[in-house]
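Fold and contact review
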Amino acid sequence: MSIFLSCGEASGDYYVAKLAARLRQKGFSGKMWGLVGPQSEASGVEKTWSMGELQLMGIGEVLSSIPRLFSLKKQIENRIIQEAPRAVVVVDSPDFHLRLLEGLRSKGYGGKVVYLCPPTVWAWRSWRVKKLRKLCDLCLPLFGFEHQFLSERGVKSLWVGHPFLDEFDLSSRFFPSFDPEKKDKVIGLLPGSRPSEVNKMLPVLLEVAHKLEREGFVPVFSIAPNLSEEMKDYVRSRSRPFEAYSGPGAELIERSDAVVGASGTVAVEALLRKRFMVVLYKASWSSWLAYKIFVKTPWISIPNILAGKMVFPELLQKNATASAALEHLLPYLKDPAYRGKVHESMDRACDKLGRPGALDLWAEEVLKGVER
């Protein structure tokens, strides 16, 4: 009796780790194994393959990796058919996972398939809804608007709230207001959790750091825990003489008065902690072209989508510059009236994150597949 789990991003590794821990709490004693990262491994999941295999950014990088990814998919398919786990849980990374699920179903896999953090069909490639209906027994999205979109199109979906709420009680947390007179006004700089992302973001954030220092602020760089030691050393050396923090990005966000960083899960972390964020996005020209042609949402950052308005400024591609970041950041730090309006919008966005209970829901649904 086993459960196969697979993720390809740092955020996915976090969700798998939390799910694995909750499964153990609910009495599952069988083997958990798959394609995972360090957080999942620490939670007792056997790392059969490393999630680093899927950490790609940009169409060009993906295309050059197709032969390797095809071979990996076949290896995993064959191992799953051989091991016959009672449930398969995949997280995010749809370009790989949808093909993996197609291969498994075509080879006769009949166990329960759960898609955690399913593809963003509400934003683009909506035709993938048909695949989700066909391949998955259940989807477990992170946000209410995703759940509504999937349910209205016949996909079995369940949702109670974002899993961050299970560890972060908004009602009991005290959020001190920004004090412009405070001596150490820390600004967190987050270049991302993928090597290709870090390479694009770091030069911009270094320029941001120098400008912030001249304004009297204390820039602190985040070093994502899932990066290789080589990449961690690279960020440390490039970010000197500024401080570099190697712990979880959420800890740096909570320590900061505001943050500037790469688009992604970190924006939700900032929203929960009521920390203003300037969102940066830089990708290859091919990825940017695909985004412009196919993506249907007016914003890329989840807090903005939840609020239905621009709460966190988004600086995309050529607009992702240090000067532009400071133009958005300084008014928040120096204008109390503007800051108050931003926090009102952040409160409204937080209200749409749901309620605690996601991890219990996830574990219970996976166990239903194991026990049947």
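Here we summarise the structure given alongside this text.

1. Topic: the sheet that holds strand S7 (residues 186–190)
Reading across the sheet, the six strands line up as S9-S8-S7-S10-S11-S12 and stay open at both edges, with parallel pairing between neighbours. With one partner strand each, in any of the chains shown, strand S9 (243–245) and strand S12 (314–316) form the two edges of the open sheet. When strand polarity is set aside, the average angle formed by the axes of neighbouring strands in this sheet is 20°. Across four bridges, the pairing between S7 and strand S10 (residues 258–262) is parallel. Its bridge partner being in S10, Leu189 is matched across the sheet by Val260. Of the strands in this sheet, S7, S10, strand S11 (276–281) and S12 touch helix H14 (residues 322–334), which is tilted by about 170° from S11.

2. Topic: the environment of Ser43
Mapping Ser43 onto the fold places it in the loop between helix H2 (38–42) and strand S3 (46–50). Linking Ser43 and Arg194, residues 151 residues apart in sequence, is a C-alpha distance of 22 Å. Among residues more than four places away in sequence, those in contact with Ser43 are Ala17 and Ala20.

3. Some details on the packing of helix H4 (residues 66–83) against helix H5 (residues 94–106)
The geometry of H4 relative to H5 is characterised by a closest axis approach of 10 Å and an angle of 45° between their N-to-C directions. As far as their axial angle goes, H5 and H4 are oblique. The way H4 lies across H5 gives a crossing that is right-handed. Contact residues: Leu69, Leu72, Lys73, Ile76, Glu77, Ile80 and Ile81 in H4; Phe96, Arg99, Leu100, Gly103 and Leu104 in H5. Residue classes in the contact of H4 with H5 are distributed as eight nonpolar, one polar and three charged.

4. Section: the pattern of salt bridges
Proximity of charged atoms lets side chains of opposite charge pair with each other. In this structure the tally under the stated criterion is 27 salt bridges. Between Asp95 and Arg128 there is a salt bridge whose closest N-O contact spans 2.5 Å. Linking Asp95 in helix H5 with Arg128 in helix H6 (residues 128–135), this pair joins segments that are 33 residues apart in sequence. When its relative accessible area of 6% is taken as the criterion, Arg128 is described as buried.

5. With respect to helix H1 (residues 10–25)
With 16 residues, H1 extends 23 Å between its outermost C-alpha atoms, agreeing within 8% with the 22 Å of an ideal straight helix rising 1.5 Å per residue. The buried fraction of H1 is high, at twelve of 16 residues. Within the span of H1, buried status applies to Ala10, Ser11, Gly12, Asp13, Tyr14, Tyr15, Val16, Ala17, Leu19, Ala20, Arg22 and Leu23. Tucked into the core, H1 has its buried residues touching strand S1 (2–7), strand S2 (31–36), H2, strand S4 (87–91), strand S5 (112–116) and helix H16 (358–371). Looking one or two places after H1, you find Gly27, whose phi comes out positive at around 100°.

6. Examining H4
An ideal rise of 1.5 Å per residue puts 26 Å on 18 residues; H4 measures up with 25 Å between its terminal C-alpha atoms. When H4 is considered as a whole, its buried residues turn out to be Leu69, Leu72, Lys73, Ile76, Glu77 and Ile80. The buried residues of H4 occupy one face: seen down the axis, they fall within an arc of 135°. Exposed residues on H4 whose side chains face more than 90 degrees from its buried face are Pro67 and Gln82. Contacts made by the buried residues of H4 are with S1, S2, S3, S4 and H5. Phi for Ala84, located one or two positions after H4, is positive at around 50°.

7. Description of the nonpolar core
By size, the foremost hydrophobic cluster in this structure holds 124 residues, and its most contacted members are Ile3 and Phe312. Looking at this core element by element, the count peaks at nine residues for helix H8 (residues 195–214). What Ile3 contacts, discounting residues up to four positions off in sequence, is Leu23, Phe28, Lys31, Met32, Trp33, Pro85, Ala87, Val89, Val366 and Val370.

Parameters and conventions
Residues numbered from 1 in each chain as written. Predicted model: local features only at pLDDT ≥ 70, side-chain atom pairs only at ≥ 80, totals over all residues. Heavy atoms only, no water. Pairing = 2+ DSSP bridges. Helix = DSSP H or I, 4+ residues; strand = E, 2+ residues; numbered from the N terminus. Axes fitted to C-alpha atoms, helices over the stretch in contact; angles between N-to-C directions. Contact = heavy atoms within 4.5 Å. Parallel < 35°, antiparallel > 145°, perpendicular 65-115°, else oblique. Left-handed = near helix turned anticlockwise from the far one by under 90°. Nonpolar A, V, L, I, M, F, W, Y, C, P; charged D, E, K, R; others polar. Salt bridge = Lys/Arg side-chain N within 4 Å of Asp/Glu carboxyl O. Buried < 20%, exposed > 50% of the residue type's maximum accessible area, 1.4 Å probe, protein only. Expected span 1.5 Å × (residues − 1). Arc of directions from axis to C-beta. Core = buried A, V, L, I, M, F, W, Y, C linked by side-chain atoms within 4.5 Å.

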